[in-house]
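A closer look at the structure
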Amino acid sequence: MATLNLSAITKSFGATTVLHGIDLAVADGEMIVIVGASGCGKSTLLRIVAGLEAPTTGHVAIGGREVTRLEPADRDIAMVFQNYALYPHMTVAQNMAYGLKIRGTPKDEIARRVAETAGLLGIGPLLARKPRELSGGQRQRVAMGRAIIREPKLFLFDEPLSNLDAKLRVQMRGEIRRLQQRLGVTSLYVTHDQVEAMTLGDRLVVMHQGRAAQVASPMEVWSRPADTYVAGFIGSPAMNLLAGTLAEGGTAVQLKAGPLLRFTDGPRAGGDGRPLTIGVRPEHMLRDGEAIVTVALDLVEPLGSETVLHGMLSSGEVLTARLPGMVPAVGSAMPLAIPAEALHVFDAESGRRLDA
Amino acid sequence: MDRKVIFKGRALPMLLLLPQLAVTLVFFIWPAAMAVWQSLLQEDAFGLSSTFVGLENFADVLADPAWRGAAANTAVFASSVAVLALGVALFLAVQADKAIRGQRFYRTMLIWPYAVAPAISAVLWLFLFHPSIGLIGRALNAAGVLWDYQLNGSQAMLLVVIASAWKQVSYNFIFFLAGLQSIPKSVLEAAAIDGARPLRRFWTVVFPLLSPTTFFLLVVNLVYAFFDTFGVIHALTKGGPGKATETLIYKVYVDGVDNLNLGSSAAQSVLLMVFVIALTVVQFRFVERRVHY
């Protein structure tokens, strides 16, 4: 158990820079989820913490100890890989015992810990099997076991659930969270799945093009996204982003799509005519209200308890709405209301959030 | 992928198989059968008549101290060639796998010796180790080492082992390199995180995962040392000094071609054939079982 500190981590492969200065302080026992689209640098960041890659500049400290130049073996960490990376020629028990054996742990101690960990993960009956005789979910558990058994200072997870089917993924997600809370080990978890990110993390790091777009708790990221990228990335269906300009002395926005919306939380700076991007979550759209836009529907997805509508506004912008209950079929134009109290205001050029 | 092409008639498939079968028949089955027949006959001293003697040739061969000596030479020779060729090739493959720059150049250079004919490779080593004209041979003598493989049997054996292994390293190298590159990087990374240093990683993860390749190559190398090294031995030592480097295959040649003892020579070649068939069977049985994943 330990803290983790990253300061000004950059990484370049030749002329391409994949990380542009990442700073992160992780508290003891905290679970941080690094989330982003593929190619955002999240896996590279994890590999730098693991010591499998060296940062171009910057420092990594685990438990206050500088480890930037240390081999993975000297960092006292454990990692769960996307493809599990079990040793194919060893049994489940040997896979879990490998790290302990290398550290010279006595044999009876190894046997005790293997049995204990296998019990914790429910893989006791599999101990004598080889990895090729296991299902995906079982391999996943063994990979977890191999990480847990060493009682490391830090757990690293590299998209550990992405090779599992949907049902198993939900189940393992819950197990990982319970296990992590029970063991209280500081963890770094990389994923591209926003549901995993929202449910697993104490805090999220949303990465975009080699930068940390936002570092905050899941609810904070959802309710106050730092920029238009985060706004569009977290939440499903994605947030609607509409063009507009500041109006009425900074107290309202004139949408390109028609209506004028007054801010309920106070005026924004910058003077009338400043270009803005307005975000509205699909689930906040209403059937009725003051600021009405007309949507030409092109797709209706009934989900039972709710319906997702996709359509186009008169301004040519696409709009998605998630409404409770059943809604008319495709082809019809439908009036929907944008609630002024649910607006997210961003600067149109920088994409940064503008608060009142 | 299990797509079988099904021919309508019988004529076309027969025709397509014919060249392959003809080659096997003419160059393998027929001579092999002749050897088996010959091994049951005994010629008179002038080669004018032959008598059927049953298994007498085999009994004679197995009881002959000269044959037993050749068998012992072969055991030493074949195991040394296999161990040396495999060891060197594995070491080089591991280095080539690590290399980032110039990997293709390195690989090409290492594959070259395979394209050199046995006799030429023997001459090449002769130029290096000949006591009076060889670079290394002269240097050794100048340094006070009594080096003359034409007089010293152990030195002769060492030389034919080195020359034979050198040719086989390329072949082994290609297979080892392919084997190394098929080991998932993440497995090695997992071992690194588990605390294993490079040497430990090699012996506990890489080497066991290479074992199917190693076993396959061991059999191939033994077969090579038994049968394909005739040219090297013939060009370098002619089985000498004395009979110090006379292997079984070389003795087949000496008894059949030089001594014209056709019955004995045929019996010896049949014994070798039985050995290589047994080796092949063992290989197929084991390789199936020892693949880990």
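For clarity, every value in this text was computed on a predicted model and none was experimentally measured. (Residues numbered from 1 in each chain as written. Chains lettered and ligands numbered in written order. Predicted model: local features only at pLDDT ≥ 70, side-chain atom pairs only at ≥ 80, totals over all residues. Heavy atoms only, no water.)

Our focus in this paragraph is the sheet that holds strand 17 (residues 318-324) of chain A. All names here are of chain A. Strands sit in the order 17-16-15-18 across an open sheet of four strands; the sheet is antiparallel. Every interior strand has two partners, whereas the edge strands, strand 17 and strand 18 (333-337), have only one. Ignoring which end each strand starts from, the neighbouring axes of this sheet average 50° apart. Strand direction decides the pairing type here: strand 15 (residues 292-302) and strand 16 (residues 306-312), joined by six bridges, are antiparallel. Among the inter-strand pairings, L297 is bridged to a residue of strand 16, identified as G311. (Pairing = 2+ DSSP bridges. Helix = DSSP H or I, 4+ residues; strand = E, 2+ residues; numbered from the N terminus. Axes fitted to C-alpha atoms, helices over the stretch in contact; angles between N-to-C directions.)

Moving on, we get to the domain arrangement of chain A. Residue and element names in this part refer to chain A. Assigned domains of chain A: these are domain 1 (4-232) and domain 2 (238-347). Each of domain 1 and domain 2 has a C-alpha centre, and the two are 39 Å apart. Counting residues at the interface gives nine residues for domain 1 and nine residues for domain 2. Of the roughly 670 Å² buried between domain 1 and domain 2, counting both surfaces, carbon and sulfur atoms make up 64%. At the boundary of domain 1 with domain 2, the tally comes to zero salt bridges. (Domains from an automatic or database assignment. Contact = heavy atoms within 4.5 Å. Buried area = accessible area lost by both parts, 1.4 Å probe. Salt bridge = Lys/Arg side-chain N within 4 Å of Asp/Glu carboxyl O.)

Tallied over the full model, the rule gives 17 aromatic pairs over all chains. Between Y229 of chain A and F233 of chain A, the aromatic rings sit 5.6 Å apart at their centres with planes inclined by 20°, giving stacked as the arrangement. Note that Y229 of chain A and F233 of chain A are positioned in helix 8 (residues 228-233) at a spacing of four residues, about one turn of the helix. The buried category is assigned to F233 of chain A, whose relative accessible area is 17%. Aromatic pair Y250 of chain B and Y253 of chain B: ring centres 5.8 Å apart, planes at 50°, arrangement tilted. Linking Y250 of chain B with Y253 of chain B, this pair stays in helix 11 (residues 248-258), spanning three residues, or about one helical turn. The side chain of R146 of chain A reaches across the aromatic face of Y87 of chain A, ending 4.7 Å from its centre. In this structure, R268 of chain A is placed above the aromatic ring of F263 of chain A, and the distance from its NZ or CZ to the ring centre is 4.7 Å. (Phe/Tyr/Trp six-rings, centres within 6.5 Å; stacked < 30°, edge-to-face > 60°. Buried < 20%, exposed > 50% of the residue type's maximum accessible area, 1.4 Å probe, protein only. Lys NZ or Arg CZ within 6 Å of the ring centre and 35° of its normal.)

Residue and element names in this part refer to chain A. It is the contact of helix 2 (residues 92-102) with helix 3 (residues 107-121), at a shortest axis distance of 10 Å, that shows an interaxial angle of 130°. The orientation of helix 2 relative to helix 3 falls into the category oblique. Judged by the sense of rotation from one axis to the other, the crossing of helix 2 with helix 3 is right-handed. Contacts between helix 2 and helix 3 pair A93, M96, A97, L100 and K101 from the former with I110, R113, V114, T117 and A118 from the latter. A breakdown of the residues in the contact of helix 2 with helix 3 according to their chemical character gives seven nonpolar, one polar and two charged. (Parallel < 35°, antiparallel > 145°, perpendicular 65-115°, else oblique. Left-handed = near helix turned anticlockwise from the far one by under 90°. Nonpolar A, V, L, I, M, F, W, Y, C, P; charged D, E, K, R; others polar.)

This brings us to the interface of chain A and chain B. The interface is formed by 27 residues belonging to chain A together with 20 residues belonging to chain B. Summing the contributions of chain A and of chain B, the shared interface buries around 1,900 Å²; its carbon and sulfur component is 58%. Of all residues in chain A, H89, Y98 and I102 of chain A give up the largest surface area on contact with chain B, accounting jointly for 28% of the area buried on that side. Summed over the shared surface of chain A and chain B, the result is three salt bridges. Close ionic contact of E189 of chain B with R47 of chain A constitutes a salt bridge, the shortest N to O distance being 2.7 Å. At the surface where chain A touches chain B, the tally comes to 11 residue pairs in polar contact (both at pLDDT 80 or more). (Polar contact = N/O pair within 3.5 Å; in protein donor to acceptor, adjacent residues only side chain to side chain.)

Moving on, we get to unusual backbone geometry. Residue and element names in this part refer to chain A. Omega for the bond connecting S236 with P237 falls within 30 degrees of zero, at -5°, which places this linkage in the cis form. With respect to the element layout, P237 can be found in the loop between helix 8 and strand 11 (240-247). Unlike most non-glycine residues, Y84 shows phi in positive territory, near 75°. For Y84, the position within the fold is in the loop between strand 6 (77-80) and helix 2. The backbone of A85 shows a phi angle near 50°, a positive value even though the residue is not glycine. Within the secondary structure, A85 is located in the loop between strand 6 and helix 2.

Side-chain pairs of opposite charge can arise where the charged atoms are in close proximity. Counted by the stated rule, this structure contains 20 salt bridges over all chains. Its salt-bridge partner being E30 of chain A, residue R203 of chain A comes within 2.7 Å of it at the nearest N-O pair. Of the two residues, R203 of chain A is situated in strand 9 (residues 203-208) and E30 of chain A in the loop between strand 2 (16-26) and strand 3 (31-35); the sequence distance between them amounts to 173 residues. Given a relative accessible area of 23%, R203 of chain A falls into the partly exposed group. The salt bridge involving D74 of chain A is made with R197 of chain B; its shortest N-O contact spans 2.7 Å. Of this pair, D74 of chain A sits in the loop between strand 5 (65-66) and strand 6 while R197 of chain B sits in the loop between helix 8 (185-193) and helix 9 (198-228), which puts the two residues in different chains. A relative accessible area of 42% places R197 of chain B in the partly exposed class. One network of salt bridges, with partners in common, ties together K11, R47 and E53 of chain A together with E189 of chain B.

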